[in-house]
Amino acid sequence: MPENNNNSDKTNRRDFLTVATTAVGAVGVGAVVWPIVNQMNPDASVKALASIEVDLSKIKEGQEITVLWRGKPVFVKRRTKEEISNAEKVDLKELKDPQPDNKRVKKSEWLVLVGVCTHLGCVPISGKGEYAGGWFCPCHGSHYDSSGRIRKGPAPTNLEVPIYEFVGDNKIKLG
Amino acid sequence: MSDKNLENTNTEYKPVHTNKVGGSPFKGVTGWIDNRLPIFRMFKYEYLDFQVPKNLSYLWSLGGILMICLIFLIVTGLVLGMHYKPSSSEAFESVEKIMRDVNFGWLIRYMHMNFASFFFIAVYIHIFRGLYYGSYKEPRQLMWLIGIVIFFLMMATAFLGYTLPWGQMSYWGATVITNLFSAVPFVGESIVTWLWGDYAVGDATLNRFYVLHWLIAFGILGIVIFHVIALHIVGSNNPSGIEPKDTRDTVSFAPFTTSKDLFAMLIFLFAFVIITMYAPNYLGHPDNYIPADPLVTPAHIVPEWYFLPFYAILRSIPDKLMGVIAMVSSIAILGLLPWLDLSKIRSSVFRPIWKQFVFLFVLDFFILMYVGGMPAEGIYLLIGRVGTAYWFLFFLIIAPLVSLIEKPLPMPNSIHEFEQWKKLGKIKTFKLF
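A few points on the structure. Because the structure is predicted, anything quoted here is derived from the model rather than measured. (Residues numbered from 1 in each chain as written. Chains lettered and ligands numbered in written order. Predicted model: local features only at pLDDT ≥ 70, side-chain atom pairs only at ≥ 80, totals over all residues. Heavy atoms only, no water.)

1. Some points on the overall build of chain B
Working step 1: In terms of helices and strands, chain B carries 17 helices and two strands.
Working step 2: If you line up chain B on its principal axes, its C-alpha atoms span 80 × 65 × 55 Å.
Working step 3: When each of the 433 residues of chain B is scored for burial, the buried share is 48%.
Working step 4: Pairs at least 24 residues apart make up 78% of the contacts formed inside chain B by residues separated by at least 6 positions.
Working step 5: As displayed, chain B offers around 22,300 Å² of accessible surface, 70% of which is attributable to carbon and sulfur atoms.
Working step 6: Separation of charge centres in chain B, based on 32 positive and 28 negative side chains, amounts to 11 Å. (Helix = DSSP H or I, 4+ residues; strand = E, 2+ residues; numbered from the N terminus. Buried < 20%, exposed > 50% of the residue type's maximum accessible area, 1.4 Å probe, protein only. Contact = heavy atoms within 4.5 Å. Areas by Shrake-Rupley, 256 points an atom, 1.4 Å probe, with all protein chains shown as cover. Lys, Arg positive; Asp, Glu negative; His and termini not counted. Charge placed at Lys NZ, Arg CZ, Asp CG, Glu CD.)

Here it is, written out as C-alpha cells:
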C-alpha cells in the first residue's frame, strides 16, 4: 500500500501508531529507570534520623565541642567577647560570602556550625588559620573567621549554620 | 496480493549465506571447531602471523604489560572479594583479617595494592610513548580516544578501590572526591547526596562503591578489547613514525615481539616483586591504617601518588567550580591532541622543537606530582600555578603553533632505511635501554 504514504501532509494511521508507541515506550522506560536511579538516594532509615539535643552547660568560654549529627560533625562554640567583637566589626565588603554575624547566631555567645568545609567536605581544624578564633581546613587551605565565614582560600561559601533552636538556657536541639 | 502481481514482479534473487562454516586453515578437531567458531584462526592471524614494525623499542612492550597488570588485578581482586565485607562497621576489620588470618591474605592484598600502582606507572609510560612518537595521529585517533576513556575508568576504579579499606585516607579521599560534584551549579548538592545515599559518606556509600569498583574493573577489560581490536586494524606505530611498506620493515608478532615483550614483562615484574616484598606500603599512606573517623580530617590529606599531578591542578585554581573543571579538562584535553597537533610527522625524532616541549611536559608532570603532595600554600601554590599554566599551554598553544612553524629534519622513506640511518649515525633516537 505505498500509495497511502505518499500524502505526507495528512496524518495517517502509521504516524499515529509511531507516536503512540514511542509515547507509551518512553513512559515505560521512565517507570523502570526511575526506581533504579532513586534507590541510590538516602533511604527511609537515614531520613528518619531523629534530631538531637546538645547540653551546653559544661562548655566554658572559648571552648568548643564537636557532636555528630546526621553523619556530620557539628561545632558548638562558646565564643569569647573578643571573638564576638571581631566577628561583628568586620566590614561586609571584605567578605566573599557577605553575611553579618548576627544573622549566623541566635545568641551571640553561641556559634553553631556544620563542621564541613564548603569546598570539598573536610573537617576544618579549630583555632588554626589566619583568623583568631576561627578555623582552617587542612585539605586545600580555606580560612574561616570567628563567625565561620570564609575569608581566604578556595571554599565558595561560609560554614553552614544548621537548623537548631534553644530549648532552655543551656540546651539546644539540632534538626 | 494476487497471483497476478507476483508474476509481474521482475526481481533478480540474490544468494544469501546464512551458513558461513568453512575457511579454516586448520585441520582435524581444531579445524572442525575453527570452522564453526573462528577463534583459532583469529589467534593465528592476529597474534602469530600478525606483522609489526621491526624497530619497536621496549616502550612498545607496555601494552602487554598493562594487560598482565589488569589480569593480575582482576584475579587478586576476585579472591580478596571472597574475604572482604563492604560495610562501614566491618570493612576495616575484614581487611585486617585478610592481612593477619587469611592464608596468604597479606600477599594477595599487597599484590592487589601494588599492581594498582604499577598499572599507573605502566600507563603513564604508555601515554608518554604515544605522545613522543605521535601515536595519536591519523589513523590512530580513535584508538587514542579509547585509551583516554580507559585512563578515566582506571582513575575511577582506583579511587573506588582505595575507599574500600575504610581507613582515614579512604574516608576523606572519598569525601573530597565525591564533593567535586557539589561544584555543579544548582543540582550539585543533590548529586552528592544521591552518590552517598546519605548526608555524608557512610555505609550506603561504601556498599555501592564496592559494587562499582567491580563493575568498572570489568568495564575496563571490555574497553581494552576495543582498544586492541582497533590496534589490529590500524597497526602499531613505531619509533620512526613511518608506516611499514614491505616485509623488510616488519617481523611476525610471534616469536619476535612476544619474546621481547616477555623480557620486558620480567623486568617489570621484578621491580614489582621488589616493592611488594620489601616496601609493600611505600606507595601508600600510613594514615590509611587508622580506621575511618568522620569527626577528624587528617592534617595532610593527599591522594594516591598517581593522582597527585591532577590534584595539584585542582588546588592551583582558587575557585571551586573552575578548579574541578580544570582538573577534569587537564585529562580530557589529551583527547583533542590529534586535532591540535597539525603536523603530519608522527615521531618526535624528526621534530626538534616539539621534542623539547614534550620533555618539558614530562618534567611538568613530575613537578605537579611533587607539588600535589605538598601543602597548598606559599611557593608550592605558585609552582603549581605555573605548572598548570604550562599543562594547558602545551596542548592549546604550543601543539598547534609548533606544528605550523617547525621545520622537520630530513626523513627516510621507510623503516629499514630509518634503521640504516641510525646505524650511520644520521639520526639520534631516544633510547630506553
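Having put the structure on the table, let's press on.
2. So, the side chain of Ser240(B)
Residues and elements named next belong to chain B.
Working step 1: Within the secondary structure, Ser240 sits in the loop between α10 (203-234) and β2 (250-252).
Working step 2: At 2.5 Å, the side chain of Ser240 forms a polar contact with the side chain of Asn238.
Working step 3: In this structure the side chain of Ser240 is engaged in a polar contact, spanning 3.1 Å, whose partner is the backbone nitrogen of Ile242.
Working step 4: In contact with Ser240, not counting residues within four places along its chain, are Asn55, Ser347, Phe350, Ile415 and Phe418. (Polar contact = N/O pair within 3.5 Å; in protein donor to acceptor, adjacent residues only side chain to side chain.)

3. Some words on helix α1 (residues 13-38) of chain A
Residue and element names in this part refer to chain A.
Working step 1: Taking 1.5 Å as the rise per residue, α1 with 26 residues should run 38 Å; its terminal C-alpha atoms sit 37 Å apart, in good agreement.
Working step 2: Counting buried positions along α1 gives zero out of 26 residues, so the element sits mostly on the surface.
Working step 3: Of the residues that open α1, the one with a side-chain oxygen 3.1 Å from the backbone nitrogen of Arg14 is Asn12. (Expected span 1.5 Å × (residues − 1).)

4. Quick look at the state of the cysteines
Residue and element names in this part refer to chain A.
Working step 1: Tallying each qualifying case throughout the model produces one disulfide over all chains.
Working step 2: One disulfide in the model links Cys122 with Cys139; its S-S distance is 2.0 Å. Every disulfide takes its handedness from the sign of the S-S torsion; for Cys122 and Cys139 that torsion is -95°, giving left-handed. You can see Cys122 sitting in the loop between β4 (110-114) and β5 (125-126) and its partner Cys139 sitting in the loop between β6 (135-137) and β7 (142-144), a full 17 residues away along the chain. Each of the two residues, Cys122 as well as Cys139, counts as buried.
Working step 3: Just so you know, Cys117 is unpaired, no disulfide at all, and the nearest cysteine sulfur is the one on Cys137, 3.7 Å from it.
Working step 4: Here Cys117 falls in the buried class, since its relative accessible area comes to 4%. (Disulfide = S-S within 2.5 Å.)

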